[in-house]
Amino acid sequence: MAGHFSSLLTADRRAGERVPVTVLTGFLGSGKTTLLNRLLQQPDLRGMAVIVNEFGEVGIDHDLITQTSDDTILLANGCMCCSVRGDLVAAMNRLGERTDPPLRHVLIETSGLADPGPILRTMMGDAAIRGRFALAGVACTVDAVLCMGTLDRHAESVQQAAVADHLFLTKTDLLEGGAPSPELLARLRELNSVARLHVARDAQPQALRELVQSPKDSSEVPAGAMYYRPSQADADAPKDSAPVHRDGISSFVVERDQPLPRDAFFAWLDMVIAMRGEDLLRVKGLVHLADEPDRPMVIHGVQHLFHPPEFLPAWPGQDRRTRIVFITRGVDAQAMDETLDVLVHRHMRRASPTAAAASPKTHP
Ligand SMILES: Nc1nc2c(ncn2[C@@H]2O[C@H](COP(=O)(O)OP(=O)(O)OP(=O)(O)O)[C@@H](O)[C@H]2O)c(=O)[nH]1
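Residues numbered from 1 in each chain as written. Predicted model: local features only at pLDDT ≥ 70, side-chain atom pairs only at ≥ 80, totals over all residues. Heavy atoms only, no water.

Visitor: Now, about unusual backbone geometry: what can you tell me, with residues and values included?
Guide: Working note: non-glycine residues mostly have negative phi, and peptide bonds are mostly trans. Notably, Asp44 is not glycine yet its phi reads approximately 60°, a positive angle. By the secondary structure assignment, Asp44 is in the loop between helix H2 (32-40) and strand E2 (48-53). (Helix = DSSP H or I, 4+ residues; strand = E, 2+ residues; numbered from the N terminus.)

If you want it as structure tokens, here you go:
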């Protein structure tokens, strides 16, 4: 029987028509609204809608956003990750109907206490949302002054930083010397080694803007392609380290130089989802399938839920390796890696017993 991921191949998908959605998360007071306001001061954001969620009786953030308009929707009195999830779906569906001006981007500011996982799952699990919107990325603000203590005390803040594609370090102006300590940077790297870290305050609105507006044309560069721009810090990091956070959260990349047989890859991912779905905080990647050499497949998942896979029209650069980022809780990276090899090898043995015996491993 087909697993969750295999079954998605039959799902309806209209990659080029979907509106990219950026989730802006970060713990209470970490500077989400401040960064959003700085973004909104930038020109040419026409077509962007903002959805703000607050936990509490009275929505304050809505008032604090300096450029509110009809394009700003407040979901107050509950946390998006639980009680107002239906409201989020309704708000997004309403936005999806809009034609004048055409909706081009959506930014969702979560409440400071929200675990972004359920929000991301809503985006992937709700068929109506999935048909209209595509997750472009997750940005997370991190308070440079308080985050060490916050990460120790609040599991939500760990989840927020762990699933982010971009970490925005705020309040560095309040630090002695204006620069974050090596310990702070190491802690963030340990927690999320694959996110881009934005330290320079002045450059942050532009960086967020690029995230929100990229892909500029989702038919050309669907969501997911952006995940593979390594930061300098990533490039400098030792490649053999698989950081494990003290909460058991670890991030690692499964890479393959050789194209992967479709059946073997799908069987592997179905199995990973079935066995460890709960512990997959986030999975995102580009896959080189043997039967699609010129078009990478983009995969994207949160826990058990995966987005229907899409194919980019072409590889974004020279690098045609399969590379899949896993952010997990307690998943053994080496076991996952080896299981993929086993399934690929089995597939090749079935397809051509002599070739399989002579073939190199798919592992780089
Ligand atoms: N000095 C300094 N203050 C900042 C910076 N970013 C935010 N703040 C201040 O920190 C406080 C909280 O910022 P907000 O932007 O409201 O934080 P938030 O994450 O939206 O907060 P919640 O809505 O409670 O989740 C405000 O007083 C901001 O002025 C920064 O980079 N430097």
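Visitor: Give a description of the packing of helix H12 (residues 262-276) against helix H13 (residues 333-351) that names residues and reports values.
Guide: In the contact formed by H12 and H13, the axes pass within 9 Å of each other and the chain directions differ by 145°. In this structure, H12 meets H13 at a crossing whose hand is right-handed. Contacts from Asp263, Ala264, Ala267, Trp268, Met271 and Val272 of H12 reach H13 at Met336, Thr339, Leu340, Leu343, Val344 and His347. A class-by-class count of the residues in the contact of H12 with H13 yields 9 nonpolar, 2 polar and 1 charged. (Axes fitted to C-alpha atoms, helices over the stretch in contact; angles between N-to-C directions. Left-handed = near helix turned anticlockwise from the far one by under 90°. Contact = heavy atoms within 4.5 Å. Nonpolar A, V, L, I, M, F, W, Y, C, P; charged D, E, K, R; others polar.)

Visitor: Describe the site of the ligand, naming the residues involved and giving the relevant values.
Guide: Taken together, 15 residues surround the ligand, and among them Lys32, Thr33, Thr34, Asp173 and Arg201 come closest. At 3.2 Å from an oxygen atom of the ligand is found a main-chain nitrogen or oxygen belonging to Ser30. The backbone of Gly31 places a nitrogen or oxygen atom 3.0 Å from an oxygen atom of the ligand. Alone, the ligand offers 650 Å² of accessible surface; in the complex the protein occludes 68% of this. Looking at the shell around the ligand, the element that brings in the most residues is H2, giving 3 residues. Across the shell around the ligand, the residue classes tally to 3 nonpolar, 6 polar and 6 charged. (Near = heavy atom within 4 Å. Polar contact = N/O pair within 3.5 Å; in protein donor to acceptor, adjacent residues only side chain to side chain. Areas by Shrake-Rupley, 256 points an atom, 1.4 Å probe, with all protein chains shown as cover.)

Visitor: Which residues make up the packing of H2 against helix H10 (residues 204-213), and what values go with them?
Guide: If you want to describe how two helices pack, look at the angle between their axes and the distance between the axes. Running from N to C, H2 and H10 cross one another at 80°; their axes reach a closest spacing of 9 Å. Considered as vectors, H2 and H10 are oriented roughly perpendicular to each other. Only Gln204, Pro205, Leu208, Arg209 and Val212 of H10 make contact with H2, whose side of the interface consists of Leu35, Arg38 and Leu39. (Parallel < 35°, antiparallel > 145°, perpendicular 65-115°, else oblique.)

Visitor: I'd like a description of the packing of aromatic side chains, backed by residues and values.
Guide: Aromatic ring pairs: the centre-centre distance and the angle between the two ring planes describe each pair. Within this structure, the stated rule accounts for 4 aromatic pairs. Considering the side-chain rings of Phe252 and Phe326, the 5.3 Å spacing of their centres and the 15° angle between planes classify their relative orientation as stacked. With Phe252 in strand E8 (residues 249-256) and Phe326 in strand E13 (residues 322-329), this residue pair connects regions lying 74 residues apart in the sequence. Classification of Phe252 as buried rests on a relative accessible area of 8%. Relative to Phe266, the ring of Phe265 has its centre 6.0 Å away and its plane inclined at 80°; by these criteria the two rings are edge-to-face. For the pair Phe265 and Phe266, one class covers both residues: buried. An aromatic cluster is built from Phe252, Phe265, Phe266, Trp268 and Phe326, whose rings are joined through pairwise contacts. (Phe/Tyr/Trp six-rings, centres within 6.5 Å; stacked < 30°, edge-to-face > 60°. Buried < 20%, exposed > 50% of the residue type's maximum accessible area, 1.4 Å probe, protein only.)

Visitor: Outline the nonpolar core, listing residues and values.
Guide: Ranked by internal contacts, the top residues of the largest apolar core, which has 45 residues, are Ile51, Met92, Val106, Phe133 and Leu167. Composition of this core by domain shows at least three residues from each of domain 1 (19-217) and domain 2 (241-358). Those residues in contact with Leu167 that sit more than four places away from it in its chain are Cys140, Val142, Ala161, Leu188, Ala195, Arg196, Leu197 and His198. Listed in part, the 26 residues of the second largest apolar core include Val254, Leu289, Ile324 and Val331. (Core = buried A, V, L, I, M, F, W, Y, C linked by side-chain atoms within 4.5 Å. Domains from an automatic or database assignment.)

Visitor: Please give an account of helix H5 (residues 116-125) that cites residues and values.
Guide: Within H5, 8 of the 10 residues are buried, which leaves it mostly tucked inside the rest of the structure. Taken together, the buried positions of H5 are Pro116, Gly117, Pro118, Ile119, Leu120, Thr122, Met123 and Met124. Its side-chain oxygen 2.8 Å from the backbone nitrogen of Gly117, Asp115 forms the N-cap of H5.

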